[in-house]
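Structural description and commentary
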Amino acid sequence: MTQSLTIACIGLGTMGGPMARHLGHAGHSLVLFNRSAGRREAWLAANPDLDARIAGSPAEAAEGADAVITCVGNDDDLADVVLSPNGAFATMRPGAVLIDHTTVSARIARQIAVEGRDKEVLCVDAPVTGGQSGAENGTLSIMCGGSDKAIEAARPILGAYAKRVVHVGKSGAGQTAKMVNQMCLAATIAGLSEGMRFAQAAHLDLDKVFEAISGGAAQSWQMDNRWDTMARGEFDFGFAVDWMRKDLGLAIEEARGLGASVPTTALIDQFYADVQALGGGRQDTSALIRRLPLRGQKPA
């Protein structure tokens with residue numbers, strides 16, 4: 001059985017909330033902070049059997065904790081909950097581990113690692129893939145950046161909600177690996193969208209096309225899980241277009257600094273801007289197909 005720890009969970013949204021629940025069920029004591037008080041109270045009401053209490057600030061949540069887990073929105077949000085005067089680093093004890101699941105720039109991941117080292121705090125940048133269903137089911141895949149010591153300290157905690165934990169390199173490497181993931185994902189969705197529209201223009205039976213190609217080299221998670229909903233024009237679920245654009249922007253910015261060429265990523269980022277202009281910013285990333293009209297129709 002995993003040793004019971006005191007874990008501060010900062011950010012109880014779509015991903016952070018289920019992660020906290022899994023940690024509670026694993027026997028850990030939780031201290032919770034979310035900037036929206038309503039979400040904190042809702043989490044407690046939904047999990048009355050777990051050992052959890054609410055803190056008034058990230059610093060209060062982190063005080064005395066064995067580990068702090070952050071899952072917020074962007075670089076600025078992460079800096080606020082970790083590095084500000086009321087942030088987690090203000091009270092974290094030496095030897096504690098900070099695990100950040102936010103998808104952010106590699107730059108801030110490296111900055112946090114440097115400041116954490118000065119405080120003798122172990123830091124892991126640990127973005128995830130697997131989506132909301134992965135968080136709910138405890139089957140996320142996590143790509144981690146940090147020292148060997150930090151990763152080993154984090155592994156027993158991550159095991160509560162991950163099926164795969166991979167140490168990809170030094171601090172910041174987790175974030176750059178997540179950028180690779182999003183670049184590949186976006187390109188897959190773009191190809192799937194064009195293929196489906198092509199099949200529709202050719203008046204093919206989409207069920208038969210799926211049966212024919214899903215067992216071969218074209219098969220993907222996106223095909224298996226989004227083919228039917230894309231065909232029906234259903235997109236009100238899943239990973240939002242707005243968040244994909246944020247992630248692709250991070251990848252493009254990092255590529256610029258590395259001198260790497262990412263023309264396909266840049267193009268698909270602009271395709272997603274078209275979907276936003278159609279009002280699809282909060283829809284699933286498979287809504288990329290909306291910018292490709294059926295023959296004789298305008299984009300919808």
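See above for the structure.
Here the structure is a predicted model, which means the values were calculated and not measured. (Residues numbered from 1 in each chain as written. Predicted model: local features only at pLDDT ≥ 70, side-chain atom pairs only at ≥ 80, totals over all residues. Heavy atoms only, no water.)

**A look at the pattern of salt bridges**
- Considering all chains together, one arrives at twelve salt bridges under this definition.
- A salt bridge links Arg282 to Asp242; the nearest nitrogen and oxygen atoms lie 3.8 Å apart. In this pair, Arg282 is assigned in the segment after helix H12 (263–277) and Asp242 in helix H11 (residues 241–258), connecting sequence segments 40 residues apart.
- In this structure Arg282 comes out as exposed when scored by relative accessible area, which is 58%. (Salt bridge = Lys/Arg side-chain N within 4 Å of Asp/Glu carboxyl O. Helix = DSSP H or I, 4+ residues; strand = E, 2+ residues; numbered from the N terminus. Buried < 20%, exposed > 50% of the residue type's maximum accessible area, 1.4 Å probe, protein only.)

**As for the environment of Asp242**
- Under the relative-accessibility criterion, Asp242 is labelled partly exposed at 28%.
- Apart from the residues lying within four places of it in its own chain, the contact partners of Asp242 are Gln276, Gly281 and Arg282.
- Polar side-chain contacts of Asp242 include one of 2.8 Å to the side chain of Gln276. (Contact = heavy atoms within 4.5 Å. Polar contact = N/O pair within 3.5 Å; in protein donor to acceptor, adjacent residues only side chain to side chain.)

**Examining the layout of surface pockets**
- Of the pockets and cavities examined, the largest pocket occupies roughly 1,400 Å³.
- In terms of lining, the largest pocket is formed by 49 residues, of which the most central are Met15, Val128, Gly131, Gln132 and Phe239.
- Examining the composition of the lining of the largest pocket, we find that six residues originate from one element, helix H8 (residues 173–201), more than from any other.
- Approximately 190 Å³ is the volume found for the second largest pocket.
- For the second largest pocket, the full set of lining residues is Arg110, Ala113, Val114, Arg117, Val121, Leu122, Cys123, Gly146, Ser147, Ala150 and Ser171.
- Mapped by element, the contributors of at least two residues to the lining of the second largest pocket are helix H5 (106–118) and strand S6 (122–125).
- The biggest single contributor to the lining of the second largest pocket is H5, with four residues. (1 Å grid on protein atoms, 1.4 Å probe; cavity = no way out; pocket = protein on both sides within 12 Å on 5 of 7 lines; lining within 4 Å. Points joined across faces, edges and corners; volume = space filled by probe spheres on them.)

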